[in-house]
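# What the coordinates show
Residue strings, one per chain:
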Amino acid sequence: MTRARNVYTHGHHESVLRSHRWRTAENSAGHLLAHLTPGMSLLDVGCGPGTITVDLAARVLPGRVTAVEITDDALQLARTEARTRRRENVDFAVADVHALDLPDDAFDVVHAHQVLQHVADPVLALREMRRVCRPGGIVAARDSDYAGFTWFPQVPELDEWLALYRRAARANGGEPDAGRRLLSWAHAAGFTDVAATASTWCFASPEDRQWWGGMWAERIRRSDLARQVVTAGMATEDDLDRISQGWLRWAAAPDGWFVVLHGEIVCRR
């Protein structure tokens, strides 16, 4: 049986990587940190540019982290981050979370950040993460929930951006409102001991507004998302220019405020 077509909506344009490299264990994996102890083995699924991966590797020393991505090109970003930060307890492997080429019961902790919203079958992915986690170990995931994003002032172009992104993500086989579904997906994957929480990123200072708004103003014009929506006929170049300008207007508002909602799960194997 073939799986649904699945495409990574964001792509790897520099504007996307600028956002992803901002992520740390502290601002993106707080739900997991209390469960980590030195000497643990940890699998980081969909490690992206590796900033969270390398932070986690520092916390489990002398244990080791295995970082996986779907392609070797994507994995090279994390290799570069680990090398730059001289973190030597990280191993790398190309793997599909739907069918991990890893042994049963291999890791104390299996972690995924902003991954399940993009995969074709998140329940199957969680089953695989459960399989490679040792009995008594932890499977943890965190995903944003686009329908829960909120902002002020109410710039109409940001409403248009949100609707366009959610449509594109679903066309690519993903679920942009994944955060609220994590608990149900975990139960469907066979977990019975699940702690579900939520957290946010808030962009409200002048510096944060300029960074977040400027980044999205570029992403909606230059990233894979832009090419996908134009090619599919979901938007025109003029539409994307208008949305980009809306992001810049939001960023310039002295009372601008934007919150990104995330769902989180910590599952005991």
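Residues numbered from 1 in each chain as written. Predicted model: local features only at pLDDT ≥ 70, side-chain atom pairs only at ≥ 80, totals over all residues. Heavy atoms only, no water.

### Let's talk about unusual backbone geometry
The condition is simple: Strands are runs of DSSP state E lasting at least 2 residues, helices are runs of H or I lasting at least 4, and numbering of each runs from the N terminus.
The omega torsion of the bond from leucine 61 to proline 62 falls at 5 degrees, within 30 degrees of zero and hence cis. Along the polypeptide, proline 62 turns up in the loop between α4 (51-60) and β2 (65-69). Note the cis peptide between phenylalanine 152 and proline 153, where omega equals -5 degrees. Mapped onto the fold, proline 153 is located in the loop between β6 (150-152) and α7 (156-171).

### Focus: the pairing of strand β4 (residues 107-113)
For clarity, the threshold we go by: Classification of residues uses two cut-offs on accessible area relative to the type maximum, computed with a 1.4 Å probe and protein chains only: under 20% is buried, over 50% is exposed, and between them is partly exposed. A strand pair is defined by DSSP finding two or more bridges across the two strands. A right-handed crossover is one whose linking path, passing over the helix from the first strand to the second, runs clockwise when the strands point away from the viewer.
Burial analysis of β4 places seven of its seven residues in the buried class, which makes it a mostly covered element. For strand β1 (residues 42-45) and β4, the ladder comprises four bridges, and the chain directions are parallel. Looking across to β4, one finds that aspartate 44 is bridged to histidine 111. Note that β4 and strand β5 (residues 133-144) share six bridges and pair parallel. Across the sheet, residue valine 110 finds its bridge partner in β5, namely valine 139. Following the chain from β4 across helix α6 (residues 122-131) to the adjacent parallel β5, one finds a crossover that is right-handed.

### Overview of the pattern of salt bridges
When charged atoms on two side chains of opposite charge get close, those side chains can pair. Heads up, the rule is: Here, a salt bridge means any side-chain nitrogen of Lys or Arg that lies within 4 Å of a carboxyl oxygen of Asp or Glu.
What the rule picks out here adds up to 21 salt bridges. Note that glutamate 160 and arginine 242 form a salt bridge whose closest N and O atoms lie 2.4 Å from each other. Taken as a pair, glutamate 160 in helix α7 and arginine 242 in helix α11 (residues 237-252) lie far apart in primary sequence, 82 residues in all. Its relative accessible area of 29% is what places glutamate 160 among the partly exposed residues. For arginine 242, a relative accessible area of 34% puts it in the partly exposed group. Ionic contacts of the salt-bridge type, sharing partners, join the residues Arg166, Arg170, Glu175, Asp177 and Arg181 into one network.

### Describing the packing of α7 against α11
Helix packing geometry: the angle between the two helix axes and the distance between the axes. Heads up, the condition is: Interaxial angles span 0 to 180 degrees and are taken between N-to-C directions of axes, which are lines fitted to C-alpha atoms, for helices over the stretch in contact. For classification purposes, angles smaller than 35 degrees are called roughly parallel, those larger than 145 roughly antiparallel, those between 65 and 115 roughly perpendicular, and all remaining angles oblique. Crossing handedness is defined as follows: a turn of the near helix away from the far one that is anticlockwise and smaller than a right angle gives a left-handed crossing, while the clockwise case is right-handed. We call two residues in contact whenever any of their non-hydrogen atoms come within 4.5 Å of each other. Polar here means any residue other than Ala, Val, Leu, Ile, Met, Phe, Trp, Tyr, Cys and Pro, which are nonpolar, and Asp, Glu, Lys and Arg, which are charged; Gly is therefore polar.
At a closest axis distance of 8 Å, the pairing of α7 and α11 adopts a crossing angle of 125 degrees. In terms of axis orientation, α7 runs oblique to α11. Considering the relative orientation of α7 and α11, their crossing is left-handed. For the pair α7 and α11, the contacting residues are Glu157, Leu158, Glu160, Trp161 and Leu164 in the first and Asp239, Leu240, Arg242, Ile243, Gly246, Trp247, Arg249 and Trp250 in the second. Taken together, the residues of the contact of α7 with α11 sort by class into seven nonpolar, one polar and five charged.

### Details of the environment of threonine 80
When you line up the elements, threonine 80 lands in helix α5 (residues 72-84). Linking threonine 80 and methionine 234, residues 154 residues apart in sequence, is a C-alpha distance of 35 Å.

### Examining the UniProt feature "domain: Methyltransferase" (unreviewed entry) in the protein chain
Stated precisely, the cut-off is as follows: UniProt positions are given in the numbering used here, feature names are shortened, and annotations may be inferred rather than shown by experiment.
Following the UniProt record, the feature "domain: Methyltransferase" (unreviewed entry) maps to residues 37-148 here. Along residues 37-148 one finds 29% helix and 29% strand; the C-alpha atoms at either end are 33 Å apart.

### Examining the side chain of histidine 262
Mapped onto the secondary structure, histidine 262 falls in strand β8 (residues 257-268). The buried category is assigned to histidine 262, whose relative accessible area is 1%. Setting aside chain neighbours within four positions, we find histidine 262 in contact with Gln114, Arg142, Asp143, Ser144, Thr197, Ala198, Ser199, Thr200 and Trp201.

### Things to note about the side chain of aspartate 55
Here aspartate 55 shows up in helix α4. Note on aspartate 55: relative accessible area 13%, which makes it buried. Discounting residues that sit within four places of it in the chain, aspartate 55 has contacts with Thr24, Ala25, Glu26 and Arg85.

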